Amino acid sequence: MTTDTPRTRLSPDERRAQLLELGMRLFGSRPIEEISIDLVMEEAGVSRGLIYHYFDGKQGYREAVVRYAAEDLFAQTAPPAEGGPMERLAASTAAYVDYVVANEAGYRSLVAAAAGGNEAMRSIYDATFEAMGERFYDEGAADVLGDSPAVRLVIRGWQAMVEKLVLTWCSDRTAMPRADLLALVTNSLPALVHLT
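Everything in this summary refers to the structure shown in the same document.

Moving on, we get to the environment of Ala90. Here Ala90 shows up in helix α5 (residues 85-102). On the basis of relative accessibility, which here comes to 30%, the residue Ala90 falls in the partly exposed class. A C-alpha to C-alpha distance of 7.8 Å links Ala90 and Ala183, two positions 93 residues apart in sequence.

This is how it looks when you write it as C-alpha cells:
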C-alpha cells in the first residue's frame, strides 16, 4: 500500500519562486541547456502545463532562471556598507569569486550563451555586468579611482579580466592560492586606473 504525501498548496508567487529556486540550484551544477522541462517537472513534482503557465515554455523558464541567478549574483557581491573603498572592493571581489566557485557550471554556461549569440542571455549578462561596474560610482569608490571616460573603460576591461582570471583559476586552483588571486584582482584595479 502506498501513501501519497499531501501536496502543499502554494500561492502563484510562492510556486513561481519555488521553480526559480529549483532552476537556480540546477543551474549551479550544469549548463543552462541541460535544464529540461522534464527535469524540472520531476524535481518539483509539477506538471508541464504549470511551468508553461508561469514561464511560457522552456526558453522562458531558462531566461527567468538566468535573470534570477544574475539578480542573486548582484545581491551577493554587494560591497559592505562600512570600510574604505579598497576594503569594500576586496570584500565584493571575494564574494564574486565565491559565487563563481559555488555556481561554476551555471556561470560558465551564462558566459558561453552570452558570447554565443543568444540575445536574451546576452542582454541579462550585459545588464548585470554594467550594474556591477556602476557600483564604482554609486558606492563612493569614484572618489579614489576618479570618474572619466578613460577610467570607465579601464573598469569595464578590469571586470572582463577578473571574470577570465577567476574562471581560469577555477579550472586549475593549484596555479595560486585563493588569497593571492583576490589580492591580484583587487590591487590590479587601482594600478590600471593609475595608468590612465
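After that view of the structure, there is still more to cover.
A word on the pattern of salt bridges. For the structure on display, the rule yields 9 salt bridges. The partner of Glu43 in a salt bridge is Arg25, and the shortest N-O contact between them spans 3.2 Å. Taken together, the residues span a long stretch of sequence, with Glu43 in helix α2 (residues 37-44) and Arg25 in helix α1 (residues 12-27) at a distance of 18 residues. Between Glu130 and Arg156 there is a salt bridge, with its nearest N and O atoms 3.3 Å apart. Of this pair, Glu130 sits in helix α7 (residues 119-138) while Arg156 sits in helix α9 (residues 149-171); the two residues are 26 residues apart in sequence, bridging distant segments of the chain. For Arg156, a relative accessible area of 34% corresponds to the partly exposed category.

All right, on to empty space enclosed by the protein then. Gaps left between atoms show up when a probe the size of a water molecule is rolled over them. Tallied over the full model, the rule gives 1 cavity of 30 Å³ or more. Empty space within the largest cavity amounts to approximately 550 Å³. If you trace the largest cavity, you find 38 residues lining it, with Ser92, Tyr96, Met132, Arg135 and Gln159 closest to the centre. Among the secondary structure elements, those contributing two or more residues to the lining of the largest cavity are α1, α4 (58-76), α5, α6 (104-115), α7, α8 (142-145), α9 and α10 (178-194).

Quick look at the side chain of Thr186 now. Mapped onto the fold, Thr186 is located in helix α10. By relative accessible area, which is 6% here, Thr186 ends up buried. There is a polar contact of 2.8 Å between the side chain of Thr186 and the backbone oxygen of Leu182. The residues contacting Thr186, other than those within four sequence positions of it, are Met86, Leu89, Ala90 and Thr93.

So, how was this worked out
- Residues numbered from 1 in each chain as written.
- Predicted model: local features only at pLDDT ≥ 70, side-chain atom pairs only at ≥ 80, totals over all residues.
- Heavy atoms only, no water.
- Helix = DSSP H or I, 4+ residues; strand = E, 2+ residues; numbered from the N terminus.
- Buried < 20%, exposed > 50% of the residue type's maximum accessible area, 1.4 Å probe, protein only.
- Salt bridge = Lys/Arg side-chain N within 4 Å of Asp/Glu carboxyl O.
- 1 Å grid on protein atoms, 1.4 Å probe; cavity = no way out; pocket = protein on both sides within 12 Å on 5 of 7 lines; lining within 4 Å.
- Points joined across faces, edges and corners; volume = space filled by probe spheres on them.
- Polar contact = N/O pair within 3.5 Å; in protein donor to acceptor, adjacent residues only side chain to side chain.
- Contact = heavy atoms within 4.5 Å.

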